[in-house]
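Results of the structural survey
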Amino acid sequence: MRLHGEARRLARSGIACALLVAFAACSNNPYSESDDDRKIRYKTLPGPTKTLDPAVSYSSLEHQITANVYETLLEYHYLKRPYTLMPGLAVAVPERQTREGGRVAYRFDLREGMLFQNDPSFALDGEGRTTRTIVAADVAFELMRIADPAVTSPVIATFAKIEGLREFSERLQALRDENPEFGALRIDQQYARAGGIEGVRLHGDFGLEIVLIEPYPQILYWFAMPFTTPVPWEAVVYYDGQEGRPFFKDHPVGCGPFEVSEFDKQSKIVMTRNENWYGARHPEWKAPGTVYPSEGEEIDREMGRLDPAYVGRSLPLLDGVELRLEKEHIPAFNKFLQGYYDASGIVHESFDKIVQEGRLSPEMSERGMKLEKSVDPDIYYIGFNMNDPVIGAPAGARGRKLRQAMSLAIDVVEFNRVFNNGRGVPAQSPIPPGIYGYDPDYRNPYRQLDLPRAQALLEAAGYPGGIDPDTGKPLRLSFDLGDTSTAGRLRFQFFVDQWAKLGIDVEIAATNYNKFRQKVKEGAYQIFMWGWIADYPDPENFLFLLWGTMAQANSGGPNTANFDDPEFNRLFEEMKGLDNGPERLAIIRRIRKLLEEERPWIELYHHESYALYHSWMKNVKPAGLSLPAAKYVDIDPVERKRLREEWNKPILWPAYLGLVLAGLIIIPGVVTFLRERQ
Amino acid sequence: MLAYIVRRTAYGFVVVLGVLLLLFALFFLYAEPIEMARRAVGEKAPPEVLEQWVVNHGYDKPTWWNAESPADTMLVDHFRSMLTFDFGRSDADDSPILERIRTGMGPSLALTLPIFTFGVLLGVGLSLFVAYFRETYIDRMGVVLCVLGMSLSILLYIIGGQFLIGKTLRWFPISGFDTSPAVVLRFLALPVLVGLVEGLGGSVRFYRTVFIEETGRDYVRTARAKGCGDGRIMARHVLHNAMIPILTRVVVSIPFLFTGSLLLESFFGIPGLGSMMVDAIHGNDFATLRAMVYIGALLFIVAQILTDIAYTLVDPRVRLS
């Protein structure tokens, strides 16, 4: 009996001790405390990466990693706008060289003495080797990977402008089909036997010439993207998913300022400094991409991004970057507010609490937070199927007037106020701010809200008051969307309501995205809404969405409006081969005028991003394009630690109160039980 | 009993074949390979790349029947890959599905096992407690709390838990996961607590009903007449005799421990199999989805057989024949 009592006392004190320890160990810090003093940038990853293979990866999510791990021959200046190319691994930005038959060439010269990151795959070159020198053949190898049908690179059509790339692709496939043994050869040997790409020529170890079948100045932008990074064949061969080795797509081996040191795509990806990066090994070169820039915009000076303490400093400034998977945006945002993420977008639900009258709320300002606004290089638009007999080109002037009237009825400022928290710049043409050809003073006469003019145009089109004379009822059109959610429907209903003011009856045909794509493929749609985000900062990347060659009906291309106007096609083809200058600008203005009248699109808005940063983050510059920005950013870990501790002291009294309340409920019951037993 | 197990296993195999056929019909008649390709390769990929993806993934083969080569159809491939557990690669990111299942099972079990174990212990313990005090304020309060607990959506528990415990009281991280032993418990504490509280209402109410029904039986009255104490009656006799419904409920939920919790994992960022299912649904990853549905069906059939066997262990009157 005494022993029993002793045991009970021990159990009681044990539970009490466990509770005390549990409460004392309470912490909402999601990181190991040992990282507190290091310059690690913590970022969110909204979903798992699909592939980090630079020939395939084409998402901004993955670009956060690939852009920092795979250095490119050229890169964008971090601060200058409009976006400006500067040398990266190449010694200089190449000039266009004209060749016979309308072909053009670009000659890149790589810096000598640069190394890949350390990796076991280089043992394929010789036992004990952990790296090797980067040569021009590594870029050629990557271009051959883009052409390889087995790789399924999404940019093969763009690179098909390189002479002989398409033929190389076909030769390679034919050899694999003819002879299974060929497919078993090492990948670099397969490429060598297939004869390489004619328009990719090596000049010694470090010279690379690219010959294009037609003028395409935009090709240089592609050399600032990871698609064209040097890739070591050893890594592609070694990381084959066999014998416990990961696949190459999950194990990047690059030559950028950072390398992936921990990869768990379902949880976190850690990047740390690459000691072999050319900027780290050769700071004396003072290469443009290896030191903090000294030039920028006036806003950069105002925002402290041209601080003399940073100008000319060797990069990178961080020790590493840690990306944590956060699929749900509300928990991610709350962790940002707790200081566990360094930067964040603003969740719709908290927008009014964070931003008031376009500025940071006093509560957030007190916490030292900074708000950065930037207009993204994108366009959101309503498109008309130009093959449709009622609303498209077959309807001639009648259809044109109908499109013009519908364009005049859309109030995009109100749309942005209701659905985008007021964010977004009303679009006047397909070309967004920051892209050559954008004119801030231009006002599209058909993109101003003007209902009387719209009604007059509708009448001129033969639909007085929106009535279709064939049926005697309001003109009935279909607005197709690939989103069956209530939120999606509400957005579309906004436009339908605006057109209803003209008397037009637009029916929303909501299907799932797959069905919608099928309808687009079959041309069974009239009106749709879509968006496009720039791949590179050139008007060609927006205007090609209306080029007849790219029409969905002709080639399955991204011209979903099926706009195929001979004059537009002629002007576009002329414009795309020109360098920026007065001649190009004049053509862009003629294209703009043509689109103004033809109205294959109702241009809606260019998205405006609002980003929040904590006070400990330095040198952040929002960029609509994916840039290798991590090397420029700095963090003050001491300030971060201090504020995190201040903001995250656990509140324990409710736990004690809960225990007391539980006791108050249970003890009378136990007492009753004991009394009844007696 | 052996004959019974063999017979049930044979029935189970037939059910599995039916499940596989249904799976094939559901997924391959619904899914458009070209759209799967678009989701996998990207919205901007040209048609030729999408077509190449379809060929590379074997979705260009005839669906049901190939006169030239009967074994070379998607139907045969489907049955072959499922029955041999060679699930192939994910449609979304080409990663080996079996490997992903293997790595995802750990985090899923780390979450579901504590919820299951503590849930059963607490559920049975609390229901014995309220059943003992039936018709008192403790019982009534218990029933009200249980009904209240069952009426609320799990989303409310998740968001409320994250807001109250993670954000306001700052006891544990709001979400996330890390396999590092130094912090893993910190990440699991909140989702386990939420899962536990969310399931408690339903289980206490169920077990209480079972126990109250048992306490009205003759053997309880006899035990009381013989002078056996109420505590002893509840803990030894009533609990023992109520094991059949308890086992039914407990064993049937075991398969779900392996397949994880879709919402908890997704909201708390736990990289388990539930989270993998959500990703697969969002990403048109039919290869992963059908593998997971197949494994779920298999585990369920196994659990059914185990439940029957467990009956014989807790109740000598049950004979499997």
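Cut-off values and rules
- Residues numbered from 1 in each chain as written.
- Chains lettered and ligands numbered in written order.
- Predicted model: local features only at pLDDT ≥ 70, side-chain atom pairs only at ≥ 80, totals over all residues.
- Helix = DSSP H or I, 4+ residues; strand = E, 2+ residues; numbered from the N terminus.
- Buried ≥ 20, exposed ≤ 12 C-beta atoms within 10 Å, placed from the backbone.
- Contact = placed C-beta atoms within 7 Å.
- Expected span 1.5 Å × (residues − 1).
- Core = buried A, V, L, I, M, F, W, Y, C linked by C-beta atoms within 7 Å.
- Axes fitted to C-alpha atoms, helices over the stretch in contact; angles between N-to-C directions.
- Parallel < 35°, antiparallel > 145°, perpendicular 65-115°, else oblique.
- Left-handed = near helix turned anticlockwise from the far one by under 90°.
- Pairing = 2+ DSSP bridges.
- Right-handed = clockwise from strand over helix to strand, strands pointing away.
- Nonpolar A, V, L, I, M, F, W, Y, C, P; charged D, E, K, R; others polar.
- pLDDT = per-residue confidence, 0-100.
- Arc of directions from axis to C-beta.

This paragraph deals with the overall build of chain A. For chain A, the count of helices and strands is 25 helices and 25 strands. Taken along the three principal axes of its C-alpha coordinates, chain A extends 100 × 75 × 60 Å. Taking all 678 residues of chain A together, 41% fall into the buried category. The contacts of chain A with a sequence gap of at least 6 include a subset with a gap of at least 24, amounting to 68%.

Across its full length, chain B carries 14 helices and zero strands. When its helices and strands are written in sequence order, chain B yields α-α-α-α-α-α-α-α-α-α-α-α-α-α. Going through the 321 residues of chain B one by one, you find that 35% of them count as buried. A sequence separation of at least 24 residues applies to 68% of the contacts in chain B between residues at least 6 apart.

Moving on, we get to helix H7 (residues 154-168) of chain B. An α-helix turns once every 3.6 residues. As a result, residues three or four positions apart point the same way. Residues and elements named next belong to chain B. Between its terminal C-alpha atoms H7 stretches 20 Å, which fits the 21 Å expected from 15 residues at 1.5 Å a residue. Inspection of H7 places Tyr157, Ile158, Gly161, Gln162, Ile165 and Gly166 among the buried residues, and these make up the whole buried set. Directly after H7, the chain includes Arg170, whose backbone phi takes a positive value near 60°.

Here we come to unusual backbone geometry. Here the residue pair Arg81 of chain A and Pro82 of chain A is connected by a cis peptide bond, since its omega of 0° sits within 30 degrees of zero. Structurally, Pro82 of chain A can be placed in the loop between strand S2 (74-76) and strand S3 (85-87). A positive phi angle, near 70°, is found at Glu135 of chain B, a position not held by glycine. As for its placement among the helices and strands, Glu135 of chain B is situated in the loop between helix H5 (97-132) and helix H6 (137-151). For Glu135 of chain B, a count of 8 C-beta atoms within 10 Å puts it in the exposed group. For Asn284 of chain B, which is not glycine, the phi dihedral falls at a positive 55°.

All names here are of chain A. Judged by nonpolar contacts, the single largest core of 144 residues is most densely connected at Leu143, Ala147, Ile162 and Ala405. When sequence neighbours within four positions are dropped, the list of residues in contact with Ile162 reads Leu143, Ile197, Gly199, Val200, Ile210, Val211 and Leu212. Formed by 22 residues, the second largest nonpolar core is a distinct cluster that contains Leu45, Val260, Leu318 and Trp616.

A separate point is the packing of helix H1 (residues 2-30) of chain B against helix H14 (residues 286-314) of chain B. All names here are of chain B. Running from N to C, H1 and H14 point in directions that differ by 160°, and their axes come no closer than 10 Å. Relative to H14, the element H1 is oriented roughly antiparallel. Considering only the axes of H1 and H14, their crossing is right-handed. Along its contact with H1, which presents Ile5, Arg8, Thr9, Gly12, Val15, Val16, Val19, Leu20, Leu23 and Phe27, the element H14 presents Phe286, Leu289, Arg290, Val293, Tyr294, Ala297, Leu298, Ile301, Ile305 and Asp308.

This paragraph deals with the pairing of strand S20 (residues 505-510) of chain A. Sheet faces and side chains relate simply in a regular strand, where the side chains alternate between the two faces. Residues and elements named next belong to chain A. Across six bridges, the pairing between strand S19 (residues 476-481) and S20 is parallel. Within the sheet, the bridge partner assigned to Arg476 lies in S20 and is Asp505. After leaving S19, the chain enters helix H18 (residues 486-500) and then returns to the sheet as S20, a path that is right-handed.

Next up on the list: the sheet that holds strand S23 (residues 608-613) of chain A. All names here are of chain A. Strand order in the open sheet formed by three strands is S11-S23-S14, and the pairing between neighbours is antiparallel. Only two strands of the sheet have a single neighbouring strand rather than two, namely strand S11 (343-345) and strand S14 (370-375). Averaged over neighbouring strand pairs, the angle between their axes works out to 25° when direction is ignored. Both S14 and S23 contribute to a ladder of six bridges, which runs antiparallel. What sits directly across from Lys370, in S23, is Tyr613.

Let's shift gears to the interface of chain A and chain B. Each side of the interface is counted separately: chain A has 40 residues, and chain B has 43 residues. At the level of secondary structure, the elements contributing two or more residues to the side of chain A that touches chain B comprise helix H4 (156-159), strand S10 (320-325), helix H12 (329-337), helix H19 (513-522) and helix H25 (653-677) of chain A. With four residues, H25 of chain A is the single largest residue contributor to the side of chain A that touches chain B. Counted by class, the side of chain A that touches chain B contains 14 nonpolar, 15 polar and 11 charged residues.

In this section: the sheet that holds strand S7 (residues 207-212) of chain A. All names here are of chain A. Reading across from one edge, S4-S5-S7-S6 is the order of the four strands in this open sheet, with antiparallel pairing throughout. Every interior strand has two partners, whereas the edge strands, strand S4 (96-98) and strand S6 (200-203), have only one. On average, each strand axis in the sheet is inclined to that of its neighbour by 30°, with strand direction left out of account. Note: S6 against S7, four bridges, orientation antiparallel.

Next up on the list: the confidence of the model for chain B. Residues at a pLDDT of 70 or more form 99% of chain B, whose mean pLDDT is 87. Two numbers describe this predicted complex: its pTM, 0.85, and its ipTM, 0.82.

What follows deals with the environment of Phe227 of chain A. Residue and element names in this part refer to chain A. Relative to the helices and strands, Phe227 resides in the loop between helix H8 (219-222) and helix H9 (233-238). Take Phe227: there are 25 C-beta atoms within 10 Å of it, and that puts it in the buried class. Between the alpha carbons of Phe227 and Val155 there is a distance of 8.3 Å; along the sequence they are 72 residues apart. Among residues more than four places away in sequence, those in contact with Phe227 are Pro54, Ala55, Ile146, Val155 and Trp222.

For the rest of this paragraph, the subject is the environment of Ala174 of chain A. Within the secondary structure, Ala174 of chain A sits in helix H5 (residues 165-178). Along the sequence, Ala174 of chain A and Ala194 of chain A sit 20 residues apart, while their C-alpha atoms lie 9.4 Å from each other.

Before going further, it helps to spend a moment on the packing of H6 of chain B against helix H8 (residues 184-215) of chain B. Residue and element names in this part refer to chain B. Contact pair H6 / H8: the axes reach a minimum separation of 7 Å and the direction vectors enclose 135°. It follows from the interaxial angle that H6 and H8 lie oblique. For the element pair H6 and H8, the recorded crossing hand is left-handed. Of the residues in H8, those touching H6 at Gly142, Val143, Leu145, Cys146, Leu148, Gly149 and Met150 are Leu200, Gly201, Gly202, Val204 and Arg205. Taken together, the residues of the contact of H6 with H8 break down into seven nonpolar, four polar and one charged.

The next subject is helix H3 (residues 47-56) of chain B. Taken as a whole, H3 of chain B has its buried residues at Val49, Leu50, Gln52 and Trp53 of chain B. For H3 of chain B, the arc enclosing every buried residue in end-on projection is 160°, short of the 170-degree limit, so these residues lie on one face. At its buried positions, H3 of chain B is contacted by H4 of chain A together with helix H2 (33-41) of chain B.

Attention now goes to the environment of Leu45 of chain A. Residue and element names in this part refer to chain A. Considering the arrangement of structural elements, one finds Leu45 in strand S1 (residues 40-45). Leu45 sits in the buried class, given 21 other C-beta atoms within 10 Å. The spatial distance from the C-alpha of Leu45 to the C-alpha of Gln64 is 8.9 Å, given a sequence separation of 19 residues. Sequence-distant contacts of Leu45, defined by excluding residues within four places in its chain, comprise Leu61, Ile269, Leu323, Arg324, Leu325 and Glu326.

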